[in-house]
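Here are the chains, one letter per residue:
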Amino acid sequence: MPSTSVFPPAFESLLLTAVWLTALMLAGAALALIAALIIRRAFAERRLLHAMRRRRELSRMLHAILNAPVEPTGQILPALQSGDASIIADLAVGMLRNLRGKDEARLSALLKSWNLTADFRRMLRRGRRGQRIRALTLLARFGDAESLAILFDAAAGRDPYVQMAALRGIAMRQDPGHFPQILDALIQASELRNTAMLADVLKEFRESAVPQLLTLSLSQARPEIRLAAMRALTAIRSPDAGPTLIALAQHGAPDIRIQAFAALAR
């Protein structure tokens, strides 16, 4: 017995047409999405190639300027393009690992002559963690009041790695007047737990910070901070620390005692 539809033939034709149109629309949308992804990937590869080419150009430019017989000044430096600041920051931090003394100072003077402070400030606001740390590492070597204010602002941030980079940059100035502010930042920063990194910051102040480090070692600050102060004293090797370290060698906490004995042994 032939089957009969409950819908009239006109409705079935309309429904079939709608199904076909929907299928065609979905297929068109899929093709459009595939085309968009292909175009996006092509542009991404093009940007990557441009960035790699620009990185090579800037690397050659930096080495040429640093090896030139004249000091780098704003009048002779070539203009930078959009996005160059991030590349230069990455290159400069890599170069600083192998530079000392006059060469390091010359690179810092070059970056400052390029007026990159505003670019580094933008990187601190919008950049990824690595970009922010690189910006702070370079600002630490500028030596002016504006860069110091930026470092203090970053030291009050929440990212412990960025905060540590800012504190290390402030300590590099070796100004005893900054020590109380650094201590306040360390005490308030509950996320900073790396004793070795904290000690690296504190020991930058050298002999001028010995009285504050002794007071910090005897304080009720977090154990990580007290141990960092003792490690800094160990690195500084000041004879004035002897009586305090002898007293700490009898402390109830094993970590404090061990660090006191290690400092006395040095």
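Located above this text is the structure these notes cover.
Residues numbered from 1 in each chain as written. Predicted model: local features only at pLDDT ≥ 70, side-chain atom pairs only at ≥ 80, totals over all residues. Heavy atoms only, no water.

Asker: I'd like to hear about the overall build of the protein chain, residue by residue, with values.
Answerer: Counting its secondary structure elements, the protein chain contains 13 helices and 0 strands. From first element to last, N terminus to C terminus, the protein chain shows the α and β order α-α-α-α-α-α-α-α-α-α-α-α-α. Overall, the C-alpha framework of the protein chain stretches about 110 × 60 × 30 Å when taken along its three principal axes. Partitioning the intrachain contacts of the protein chain with sequence separation of at least 6 by distance along the chain shows that 65% fall at a separation of at least 24. With an accessible surface of roughly 16,100 Å², the protein chain has 59% of that area assigned to carbon and sulfur atoms. Of the charged side chains in the protein chain, 35 are positive and 22 negative, and the gap between their average positions amounts to 4 Å. (Helix = DSSP H or I, 4+ residues; strand = E, 2+ residues; numbered from the N terminus. Contact = heavy atoms within 4.5 Å. Areas by Shrake-Rupley, 256 points an atom, 1.4 Å probe, with all protein chains shown as cover. Lys, Arg positive; Asp, Glu negative; His and termini not counted. Charge placed at Lys NZ, Arg CZ, Asp CG, Glu CD.)

Asker: Break down the packing of aromatic side chains for me, citing the residues and quoting the values.
Answerer: Overall, the coordinates contain 1 aromatic pair when judged by the stated rule. Taking 6.1 Å as the distance between ring centres and 40° as the angle between the ring planes, the aromatic pair formed by Phe 120 and Phe 142 counts as tilted. Of this pair, Phe 120 sits in helix H4 (residues 117–126) while Phe 142 is found in the loop between helix H5 (129–139) and helix H6 (145–155), placing the two residues 22 residues apart along the sequence. Of the two residues examined, Phe 120 and Phe 142, each falls in the buried class. (Phe/Tyr/Trp six-rings, centres within 6.5 Å; stacked < 30°, edge-to-face > 60°. Buried < 20%, exposed > 50% of the residue type's maximum accessible area, 1.4 Å probe, protein only.)

Asker: How would you explain a nonpolar patch on the surface if you had to name every residue and give the values?
Answerer: A cluster of nonpolar side chains, Leu 31, Ile 34 and Ile 38, forms an exposed patch at the surface whose accessible area comes to about 320 Å². Examined against the element boundaries, Leu 31 turns out to sit in helix H1 (residues 9–67). Residue Leu 31 is classed as exposed on the basis of its relative accessible area of 61%. (Patch = residues over 30% accessible without salt bridge, like charges linked within 9 Å, V, L, I, M, F, W, Y side chains within 5 Å. Salt bridge = Lys/Arg side-chain N within 4 Å of Asp/Glu carboxyl O.)

Asker: I'd like a rundown of the side chain of Gln 259, residues and numbers included.
Answerer: Within the element layout of this structure, Gln 259 appears in helix H13 (residues 254–265). Every residue in contact with Gln 259, bar those within four places of it in the chain, is listed here: Leu 227, Met 230, Arg 231 and Thr 234.

Asker: Residue-level account of helix H9 (residues 195–202), with values.
Answerer: Residues of H9 that are buried: Thr 195, Leu 198, Ala 199, Val 201 and Leu 202. Each buried residue of H9 lies within a common arc of 155° when the element is viewed along its axis, so the set occupies one face. (Arc of directions from axis to C-beta.)

Asker: Talk me through the layout of surface pockets; I want residue IDs and the actual numbers.
Answerer: Taken as a whole, the largest pocket spans an internal volume of roughly 440 Å³. What lines the largest pocket is a set of 18 residues, and nearest its centre among them are Val 93, Thr 137, Arg 141, Arg 168 and Met 172. Of all elements in the fold, only helix H2 (84–96), H5 and helix H7 (160–172) reach the threshold of two or more residues within the lining of the largest pocket. The biggest single contributor to the lining of the largest pocket is H7, with 5 residues. Across the lining of the largest pocket, the residue classes break down as 9 nonpolar, 2 polar and 7 charged. When its volume is computed, the second largest pocket comes out at roughly 320 Å³. Of all the secondary-structure elements, those providing two or more residues to the lining of the second largest pocket are H2 and H4. Its residues assigned to classes, the lining of the second largest pocket comprises 5 nonpolar, 6 polar and 4 charged. (1 Å grid on protein atoms, 1.4 Å probe; cavity = no way out; pocket = protein on both sides within 12 Å on 5 of 7 lines; lining within 4 Å. Points joined across faces, edges and corners; volume = space filled by probe spheres on them. Nonpolar A, V, L, I, M, F, W, Y, C, P; charged D, E, K, R; others polar.)

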